[in-house]
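What follows is each chain in one-letter form.
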Amino acid sequence: MHLLLINGPNLNLLGQREPGVYGSMSLDAIEADLKIISENEGVHLECFQSNFEGALVDRIHQSIGKVQGILINAGAYTHTSIALRDALLGAGIPYVELHLSNTNSRESFRHHSFIADRAVGLVSGFGAMSYRLALQGLLFHLRQID
Ligand code: DQA
């Protein structure tokens, strides 16, 4: 099984960026952690981060037929991007939306997600642990429908 972890804008700054909100773990460390867990689960995990909306859309397109599930922290594009929504729906690949922070407890502009209603599930508010929980949720879902 091949899975893809997508991180959107500003998530390359994890560890230095607003640590009180997003924690002290770097994206490299989060990705390495998730790759180890994936290996132990017998699945292959690829990781991709971009600050560019079009690059995220392209990466989703490239996953068609190659990837069985997507974990996505779309960062601020969560709240703005119809293009990302269309790419995910167009690809037809099951995805889990995730956030380090609890977006619903923050500014009102973070309360709306353009991708949440079609996600398999949503994990938000557990810091770096959100990534692990999202992976477990996605695997649970994919193994159920297998
Ligand atoms: C985020 C929440 C978003 O609102 C924000 O724009 C981010 C990070 C999170 O992981 O908590 O960049 O997706």
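Scroll up to find the structure this text is about.
In this report, the structure presented in the accompanying data block is examined.

Parameters and conventions
The numbering scheme is per chain: residues are counted from 1 as the chain's sequence reads. The predicted nature of this model means local features are confined to residues of pLDDT at least 70 and side-chain atom pairs, given and counted, to a pLDDT of 80 or more, with totals for whole chains, interfaces and linings taken over all residues. To get the side-chain values, take all heavy atoms of the structure and skip hydrogens and water. Among the buried residues, those of types Ala, Val, Leu, Ile, Met, Phe, Trp, Tyr and Cys that are joined through side-chain atoms within 4.5 Å form a nonpolar core. Three labels apply to residues, based on accessible area from a 1.4 Å probe with only protein chains included: buried if under 20% of the type maximum, exposed if over 50%, partly exposed otherwise in between. Going along the chain from the N terminus, every DSSP run of H or I of four or more residues is numbered as a helix, and every run of E of two or more is numbered as a strand. We call two residues in contact when some of their heavy atoms are within 4.5 Å. A cutoff of 4 Å decides nearness: a residue is near a molecule or strand if any of its heavy atoms lies inside that distance of it. Here a polar contact is taken to be a pair of N or O atoms separated by no more than 3.5 Å, where protein atoms must pair a possible hydrogen donor with a possible acceptor and residues adjacent in sequence count only if both atoms sit in side chains. Only the protein chains shown count as covering a residue, and every accessible area follows the Shrake-Rupley method with a 1.4 Å probe. Helix span is expected to be 1.5 Å times the residue number reduced by one. Think of it as the arc spanned by the lines of direction from the helix axis to the C-beta atoms.

## A few points about the nonpolar core
Part 1: By size, the foremost hydrophobic cluster in this structure holds 22 residues, and its most contacted members are Leu 3, Leu 14, Leu 71 and Tyr 131.
Part 2: Put simply, the parts of the chain that give this core at least two residues each are strand S1 (2-7), helix H2 (27-40), strand S4 (95-99) and helix H5 (129-145).
Part 3: Here the element with the most residues in this core is H5; it accounts for 6 residues.
Part 4: Those residues in contact with Leu 14 that lie beyond four places of it in its chain are Tyr 22, Met 25, Ser 26, Leu 27, Ile 30, Leu 100 and Tyr 131.
Part 5: Within the second largest apolar cluster, 18 residues are counted, among which are Ala 74, Tyr 77, Leu 84 and Ile 115.

## Observations regarding the side chain of Asn 73
Part 1: Position of Asn 73 relative to the elements: it lies in strand S3 (residues 69-73).
Part 2: Discounting residues that sit within four places of it in the chain, Asn 73 has contacts with Ile 6, Asn 7, Gly 8, Leu 11, Leu 98, His 99, Leu 100 and Tyr 131.

## Some details on the site of the ligand
Part 1: Contacts to the ligand come from Arg 17, Tyr 22, Asn 73, Gly 75, Ala 76, His 79, His 99, Leu 100, Ser 101, Thr 103 and Arg 110.
Part 2: Ser 101 has a polar side-chain atom sitting 2.6 Å from an oxygen atom of the ligand.
Part 3: Here an oxygen atom of the ligand and a side-chain polar atom of Arg 110 are 2.9 Å apart.
Part 4: Alone, the ligand offers 320 Å² of accessible surface; in the complex the protein occludes 99% of this.

## A word on H2
Part 1: Taking 1.5 Å per residue, 14 residues should reach 20 Å; H2 reaches 20 Å between its end C-alpha atoms and fits that length.
Part 2: Taken together, the buried positions of H2 are Leu 27, Ile 30, Glu 31, Asp 33, Leu 34, Ile 37 and Ser 38. Buried residues of H2, viewed axially, fall in a sector of 160°; they line one side. Facing away from the buried side of H2, by more than 90 degrees, are the exposed residues Asp 28, Ile 36, Glu 39 and Asn 40.
Part 3: Considering only its buried residues, H2 is in contact with S1, strand S2 (44-49), S3 and H5.
Part 4: Two residues or fewer after H2 comes Gly 42, characterised by a positive phi angle close to 80°.

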